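# Residue-level structural notes
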2 protein chains.
Amino acid sequence: MEPLIYVYREEDGRKFVESARDASIMALYFIGSTRTSTIPGVSVAGASPELTLYTPAVDVEYLVYGKPISTKYIPVTPEGIPTPALITRAALKIAEIPFLIVDAGSYIKPKIPHITLPSRIVGNRIDNGKALPYITAKNLYEEARTLARKISHIADIFVLGESIPGGTTTALGILVALGYNAWGMVSSAEPRNPHDLKRQIVESGLEKSRELPTNDPFRAVSCLGDPVHISIAGFLAGALEKGSKVILAGGTQMAAVLAIAKRNGLDLANKLIVGTTKWIIDDKSSGIVELVKMISPEVPIIAYNYDFSNSPYQGLRYYEQGYVKEGVGAGGTSIAATIIKGVPYTELWEAVHQEYKKLIEEGYSAIEKE
Amino acid sequence: MEPLIYVYREEDGRKFVESARDASIMALYFIGSTRTSTIPGVSVAGASPELTLYTPAVDVEYLVYGKPISTKYIPVTPEGIPTPALITRAALKIAEIPFLIVDAGSYIKPKIPHITLPSRIVGNRIDNGKALPYITAKNLYEEARTLARKISHIADIFVLGESIPGGTTTALGILVALGYNAWGMVSSAEPRNPHDLKRQIVESGLEKSRELPTNDPFRAVSCLGDPVHISIAGFLAGALEKGSKVILAGGTQMAAVLAIAKRNGLDLANKLIVGTTKWIIDDKSSGIVELVKMISPEVPIIAYNYDFSNSPYQGLRYYEQGYVKEGVGAGGTSIAATIIKGVPYTELWEAVHQEYKKLIEEGYSAIEKE
């Protein structure tokens, strides 16, 4: 099975893939929280709205140790469907991809070695229009940019992923605050995308922010954003300045990163791709291609073509019904494992299943018991 | 001028250098504090005993930004002699070496992006024999080891440096606690090495620790150590496990790291060197070669042959009088710049001077004004 789907700008996407063979690579996963995720109905990236605050830290604890440290179970949806971090972990392990965690403002600090951005902050609910201080948005960007500049020579390509429950809602907020007509275009971790709720939240925030819409990405983030997208954009800026390439590993949220980058004047041609999953591409309730076309038409999109419909595990079959879809850089990391280390589809599929099997056997899965 | 001095095990040292050409490299600087440095007379790595607690954070702020953030001046001795971090920064910049900071327990958090070890802790005065909890020593080791295992594939060689005022005293504590007769062998940042005071402190701690001497390195660190050496040893363990090589960038303190590594059963042959400065080698008040011979005779020592005697700056000429000598990986980072990127001696000498000139011009030097 051909694991890669060239979704948008196929020719440029293939050029990127060609240039990436045997490249040195490093992955970074940015974590942070926004209290927006605690608004009932916004996020299923956690068993309950309150638990979504723990998801970023536990996602990356699992990435590093193969088990949750700060909670009993790995992050799951209310239905018990497991975090996409298990896909990411499988890809990292099989392809031996070095990686680091960057904390931009996780509600709890992960109990693993991780990079701290000094201005780390938990974002406020964006329906109040005051997500985080303007200076903090600026500082997070600059700190992540500095980080990239100091380590960029170590890797030809950086994979940048995220874990921030409520992140599609804040991504919508950032896009709308920057004047993009992105209504109804961001994805969701559940099959029934709560577009109305997201619109209500963003509109409420808009009403309370007299300075919007704006061309200033720091203003947009300060009003309707979160700590994670601005930090990823900052790292992107620093990495591109130093000549590294980037895989933005995520779904529609990465449109917010692209928008921040564009408004900061970054030249994005031939330097990065959006790397995501088939489930994001197939999602009729969102439009990643439309978003990228609108914001940065020069950026290719590539998706990893997982098919879990024949999985022996219910938790993974759920993915084929539109649950979860993407997160913690699952798609982009799988793409990196493919193009840089040549990991075949069947091996990666099997590795994901082994990871899940291990979780179940060790009692860390909430939905499936041994 | 030949910049490298093969101090010990020349043949193995040359083999290491040969194998390192064109290697991928990353540097990590471990910072942490021990309240031992606040005992008057122990440390001159700060303008006053209390200020030594700020030195690690400000050293690495300077590494990243080229200026201090948390204090007005860069760290200096009471005489105003500048931190060796300026040598490190010059070498990092000229050779474009990617680097990260690891906080094992700095008294203040550095205002730069940095890796946090979850068990980070400020060490207590070791004259009480209770430097840090046993479990914390173990956790720091394991956390740093995990960090190394997750990023090791990014680099063929890791340069590991330190900034911990009072570090030669805690290094002596660790060595003595492990049963080594290391009295009078550790170095000092001042020409008159306060061996008597160090002995008093360590003996006081020894008397209060009934479990010493011990073969257990975690016990030794827990009683008479600090958060930094155990963390560097943990990283060393993880890096060697994964096949990376290491330059232990420091002076006699690195003997404590070697001792911890040996007691944990690590095989150190043909995998690492101690990289230091000429000033450590020339120091008649300490014995790095004797220490290495006693602890790990298989490990070569290489020194960088700086000569600042004709420097136009008083602060740098002081180095030739036995002040400072080493720190923040100054020697090892200079060696890395030489063997991996081929930076000539004159260029590095000039780069150090440019760095210092900039500091003076911008008013961050306490001793020299423009």
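Let me begin by describing the structure that accompanies this report. (Residues numbered from 1 in each chain as written. Chains lettered and ligands numbered in written order. Predicted model: local features only at pLDDT ≥ 70, side-chain atom pairs only at ≥ 80, totals over all residues. Heavy atoms only, no water.)

## Here we look at the environment of B:L175
Residue and element names in this part refer to chain B. Of note, L175 is situated in helix 5 (residues 167–177). On a C-alpha basis, the gap between L175 and Y318 in space is 29 Å, while along the polypeptide they are 143 residues apart. Once you skip the residues sitting within four places of it in the chain, L175 turns out to touch Y180, A182, A255, A256, A259, L291 and I295. (Helix = DSSP H or I, 4+ residues; strand = E, 2+ residues; numbered from the N terminus. Contact = heavy atoms within 4.5 Å.)

## Observations concerning unusual backbone geometry
All names here are of chain A. The amide bond that connects L212 to the next residue, P213, takes the cis arrangement and shows omega of -5 degrees. Assignment of secondary structure puts P213 in the loop between helix 6 (195–208) and helix 7 (217–224). With a phi angle near 70 degrees, V324 is a residue other than glycine that sits in the positive phi range. For V324, the location among the structural elements is in the loop between helix 12 (314–317) and helix 13 (330–341). Judged by its relative accessible area of 7%, V324 is buried. (Buried < 20%, exposed > 50% of the residue type's maximum accessible area, 1.4 Å probe, protein only.)

## Some points on the pattern of salt bridges
All chains considered together, the criterion is met by 34 salt bridges over all chains. The partner of A:R149 in a salt bridge is A:E241, with the nearest N and O atoms 2.4 Å apart. Here A:E241 lies in helix 8 (residues 227–241) and A:R149 lies in helix 4 (residues 134–151), a separation of 92 residues in the sequence. Assessed through its relative accessible area of 39%, A:E241 is described here as partly exposed. Put simply, B:K271 and B:D267 hold a salt bridge, and the shortest N to O gap is 3.5 Å. Judged by relative accessible area, B:D267 falls into the partly exposed class, the value being 47%. Shared partners join several salt bridges into a network, and the residues in it are A:E142, A:R145, A:R149 and A:E241. (Salt bridge = Lys/Arg side-chain N within 4 Å of Asp/Glu carboxyl O.)

## Some points on the relation of the copies chain A and chain B
Take chain A, turn it by 180 degrees, move it 0.0 Å along the axis, and it overlays chain B with an RMSD of 0.0 Å. Taken together, these values place the two copies in the relation of a two-fold axis. In terms of C-alpha distance to the rotation axis, chain A has A:I115 as its closest residue, with the C-alpha 2.0 Å off the axis. The share of interface residues of chain A whose copies in chain B are also at the interface is 100%, consistent with both copies meeting through the same surface. (Least-squares fit on C-alpha atoms with pLDDT ≥ 70 in both.)

## A word on the nonpolar core
If you look at the biggest cluster of nonpolar residues, it comprises 152 residues, and the most contacted ones within it are A:F235, B:L28 and B:F235. In this view, A:F235 contacts A:L28, A:F30, A:A144, A:R145, A:L147, A:A148, A:I151, A:F158 and A:L160; residues no more than four positions away in its chain are not counted. (Core = buried A, V, L, I, M, F, W, Y, C linked by side-chain atoms within 4.5 Å.)

## Looking at the side chain of B:K278
Within the fold, B:K278 resides in helix 10 (residues 278–282). Given a relative accessible area of 11%, B:K278 falls into the buried group.

## Overview of the packing of helix 2 (residues 55–65) of chain A against helix 3 (residues 85–94) of chain A
Residue and element names in this part refer to chain A. For the pair helix 2 and helix 3, the least separation of the axes is 9 Å and the interaxial angle reads 25 degrees. As the angle between them shows, helix 2 and helix 3 are arranged roughly parallel. Remark: the crossing between helix 2 and helix 3 carries right-handed chirality. Residues D59, Y62, L63, V64 and Y65 of helix 2 form the contact with helix 3, whose own contacting residues are A85, L86, T88, R89 and L92. Broken down by class, the residue content of the contact of helix 2 with helix 3 amounts to seven nonpolar, one polar and two charged. (Axes fitted to C-alpha atoms, helices over the stretch in contact; angles between N-to-C directions. Parallel < 35°, antiparallel > 145°, perpendicular 65-115°, else oblique. Left-handed = near helix turned anticlockwise from the far one by under 90°. Nonpolar A, V, L, I, M, F, W, Y, C, P; charged D, E, K, R; others polar.)

## Let's talk about the packing of aromatic side chains
This structure, assessed with the given rule, holds 32 aromatic pairs over all chains. Seen from their ring centres, A:Y54 and A:Y107 are 5.7 Å apart, and the 75 degrees between their planes marks the pair as edge-to-face. Remark: A:Y107 occurs in the loop between strand 3 (99–105) and strand 4 (114–116) and A:Y54 occurs in the loop between strand 2 (25–32) and helix 2; sequence separation between them is 53 residues. Taking the centre distance of 6.1 Å and the plane angle of 20 degrees together, the rings of A:Y304 and A:Y345 count as stacked. Of this pair, A:Y304 sits in strand 8 (residues 301–304) while A:Y345 is found in helix 14 (residues 345–361), placing the two residues 41 residues apart along the sequence. Across this residue pair, the class does not change: A:Y304 and A:Y345 are buried. One residue, B:R89, lies across the ring of B:Y62, its end atom 5.8 Å from the ring centre. We note B:R199 situated over the ring of B:W183; from NZ or CZ to the ring centre the distance is 4.4 Å. (Phe/Tyr/Trp six-rings, centres within 6.5 Å; stacked < 30°, edge-to-face > 60°. Lys NZ or Arg CZ within 6 Å of the ring centre and 35° of its normal.)

## Re the interface of chain A and chain B
Every contact between the two is made by 28 residues of chain A and, on the other side, 28 residues of chain B. The largest share of the area that chain A buries against chain B comes from A:P113, A:K150 and A:I154, three residues that together contribute 27% of it. For the pair chain A and chain B, the number of links is zero salt bridges. The tally of links from chain A across to chain B stands at nine residue pairs in polar contact (both at pLDDT 80 or more). For the side of chain A that touches chain B, the secondary-structure elements that each account for two or more residues are strand 2, helix 2, strand 3, strand 4 and helix 4 of chain A. For the side of chain A that touches chain B, the element with the highest residue contribution is helix 4 of chain A, accounting for five residues. Across the side of chain A that touches chain B, the residue classes break down as 18 nonpolar, four polar and six charged. In this sheet, strand 4 (residues 114–116) of chain B lies alongside strand 4 of chain A in antiparallel orientation, the contact comprising three bridges. The residue bridging A:T116 from the neighbouring strand is B:H114, located in strand 4 of chain B. (Buried area = accessible area lost by both parts, 1.4 Å probe. Polar contact = N/O pair within 3.5 Å; in protein donor to acceptor, adjacent residues only side chain to side chain. Pairing = 2+ DSSP bridges.)

## Describing the pairing of strand 3 (residues 99–105) of chain B
Residues and elements named next belong to chain B. Of all seven residues in strand 3, seven are buried; the element is thus mostly enclosed. Sheet analysis places strand 2 (residues 25–32) next to strand 3, joined by six bridges and oriented parallel. Each bridged residue has a counterpart across the sheet, and for L28 the counterpart in strand 3 is L100. Sheet analysis places strand 3 next to strand 4, joined by two bridges and oriented parallel. For D103, the partnering residue across the bridge sits in strand 4 and is T116.

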